[in-house]
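Summary of the model geometry
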Amino acid sequence: MTHVEDELNSQPECWTRAASEAAGLGGVLSGPGERVAVVGCGTSYFMAQAFAALREGSGRGETDAFAASEFPHGRSYDRVLALTRSGTTTEVLDLLGRLRGRTHTVAITADPDTPVMAVADEVVVLDYADERSVVQTRFATTALTLLRAHLGLHTDAVVADARTALAAELPEGLVECGQFTFLGRGWTVGLANEAGLKMREASLSWTEAYPAMEYRHGPISITTGGTATWMFGEAPDGLAEQVRSTGGLWIEGRLDPLAELIRAQRLAVAVAAARGLDPDRPRHLTRSVILAP
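Let us look at the structure shown here. Residues take numbers from 1 onward in each chain, read along the sequence in its written order. In keeping with the predicted nature of the model, local features appear solely for residues at pLDDT of at least 70, side-chain atom pairs appear and are counted solely at 80 or more, and the whole-chain, interface and lining totals rest on all residues. As a convention, hydrogens and water are excluded, and side-chain values are obtained from all of the structure's heavy atoms.

**Notes on the overall build of the chain**
Just so we agree on the cut-off: Numbering goes from the N terminus for both helices and strands, where a helix is a DSSP run of H or I of at least four residues and a strand is a run of E of at least two. For this measure, only C-alpha atoms enter the radius of gyration; the expected value for a globule follows 2.2 Å times N^0.38, where N is the number of residues. For every residue, the accessible area (1.4 Å probe, protein chains only) is compared with the maximum for its type, and the residue is labelled buried under 20%, exposed over 50%, or partly exposed between those bounds. Note on contacts: a residue pair is in contact if any heavy atoms of the two residues lie within 4.5 Å. Per-residue and other accessible areas follow the Shrake-Rupley method at a 1.4 Å probe size, with only the shown protein chains counted as cover for residues. The convention is simple: Lys and Arg are positive, Asp and Glu are negative, and His and the chain ends are not counted. Where a charge lies is defined by one atom per residue type, namely NZ (Lys), CZ (Arg), CG (Asp) and CD (Glu).
For the chain, the count of helices and strands is eleven helices and nine strands. Taking 2.2 N^0.38 as the reference for a compact globule, 293 residues should give roughly 19 Å; the C-alpha atoms of the chain span a radius of gyration of 18 Å, in line with that estimate. Overall, the chain is about 55 × 40 × 40 Å in size when its C-alpha atoms are taken along their principal axes. The 293 residues of the chain split such that 57% are buried. Put simply, of all contacts in the chain between residues at least 6 apart along the chain, 72% involve residues at least 24 apart. Entry remark: accessible area of the chain is about 12000 Å², with carbon and sulfur atoms responsible for 50%. Of the side-chain charges in the chain, 26 are positive and 37 negative, and the distance between the mean point of each set is 2 Å.

Printed below as a string of structure tokens:
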């Protein structure tokens, strides 16, 4: 078993632990009515997108998500929340350093022995969700579970769906597809983006991700036999029928969307295996992007 397989299989246990910790972190993660920015790089940026949509949609306050390198320093925030598995990513550390003393910052990380501990005002450590694999799975979803539970949006049913996602067979014919498109709405747009990234990293697949309503504005033109379109959450009316009429494979997300992401992680590993690739050693990637001065 690869590291990434072992790590993605442990997600139900990690989510249960994170959810139990959320109640004690309410004053750290964000307060009601605060204007919050959530930042990250790569996978962490996509989890930031999901949390920002969930927080603002639940009426907790204006919430924006940015790639750490694109943070708008001309804007004012009550709190900046940074997601960083390694605690060493250059763009995140640079941003937190610039904000120190001006804006309250909180980092969620997996490693307490890294520079992020010294540059963030407060740090939440999810060391039990750390990973050996370059390809992120459990840290990202565990961090988002913590944040969902903080908003009161996590239930035991989510963990049950995660176990189903690990046990159930992938849809017939999906691994053999040559192109994959992931769709989301609201907070699940970030999950769709992350599913596409997993496929590119682990299996070198041609993947795209879009807000579901945007799919009909051009991207559907690439759909045909041998392609798959996967919906995270409830699909817009008529979209499934339109995709099926092209000859493409439509995958309906019937589980909690975060559990659906586990299925996409499994797909990435399965496609990598079918193509003779090692998902623990993705091409051109390292566990953390550390830029030379």
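**Quick word on helix α5 (residues 90-99)**
All of the buried residues along α5 are T90, V92, L93, L95, L96 and L99. Buried residues belonging to α5 abut β1 (36-40), β3 (79-84), β4 (104-109) and α6 (116-119). The positive-phi residue at the C-terminal boundary of α5 is G101, with phi of around 85°.

**Looking at the side chain of R55**
The line we're drawing: Any carboxyl oxygen of Asp or Glu within 4 Å of a side-chain nitrogen of Lys or Arg constitutes a salt bridge here. Here a polar contact is taken to be a pair of N or O atoms separated by no more than 3.5 Å, where protein atoms must pair a possible hydrogen donor with a possible acceptor and residues adjacent in sequence count only if both atoms sit in side chains.
Take R55: it is sitting in helix α4 (residues 43-57). For the buried R55, no salt bridge exists, and the shortest N-O distance to an oppositely charged side chain is 4.7 Å, to E34. Only 2.8 Å separates the side chain of R55 from the backbone oxygen of G31, close enough to count as a polar contact. Other than its neighbours up to four places away in sequence, R55 contacts S30, G31, G33, E34, V36, R60, G61, E62, T63 and L151.

**Details of the sheet that holds β3**
Backbone-to-backbone hydrogen bonds join strands into a sheet, with any given pair of strands oriented parallel or antiparallel. Our working rule: Pairing between strands is defined by DSSP: at least two bridges between the two strands are required. Note on method: axes are straight lines fitted to C-alpha atoms, helices fitted across the in-contact stretch only, with angles between N-to-C directions ranging 0 to 180 degrees.
Reading across from one edge, β2-β1-β3-β4-β5 is the order of the five strands in this open sheet, with parallel pairing throughout. The open sheet has two free edges, formed respectively by β2 (63-67) and β5 (122-125), since each of these has just one partner strand. On average, each strand axis in the sheet is inclined to that of its neighbour by 20°, with strand direction left out of account. Sitting on the sheet, α5 is in contact with β1, β3 and β4, with an inclination near 160° to β3. In the packing of helix α7 (residues 138-150) onto the sheet, the strands contacted are β3, β4 and β5, and the crossing angle to β4 comes to about 130°.

**A few points about the nonpolar core**
For clarity, the threshold we go by: Definition used in this section: a nonpolar core is a set of buried Ala, Val, Leu, Ile, Met, Phe, Trp, Tyr and Cys residues joined via side-chain atoms within 4.5 Å.
Residues I108, L126, L146, F180, F182, L191 and F232 are the most contacted members of the largest nonpolar core, which totals 61 residues. Ranked by residues supplied to this core, first place goes to helix α11 (residues 257-274) with eight residues. With residues near it in sequence (within four places) discarded, F232 still touches F182, L183, G184, R185, T188, L191, A192, A195, P257, E260, L261 and A264. Y77, V92, L96 and L99 belong to the second-largest nonpolar core, a separate cluster that totals 17 residues.

**Section: the sheet that holds strand β7 (residues 206-211)**
Within the open sheet, the four strands sit side by side as β7-β6-β8-β9. Their pairing is parallel. Of all strands in the sheet, those bounded by a partner on one side alone are β7 and β9 (249-251). With direction set aside, neighbouring strand axes in the sheet form an average angle of 20°. Summarising the sheet, strand β6 (residues 179-184) and strand β8 (residues 227-231) pair through five bridges and their orientation is parallel. Among the inter-strand pairings, F182 is bridged to a residue of β8, identified as W230. Against the sheet, helix α9 (residues 188-203) contacts β6 and β7, and its axis sits at roughly 160° relative to β6. Across the sheet, α11 touches β6, β8 and β9, and the angle it forms with β8 is around 155°.

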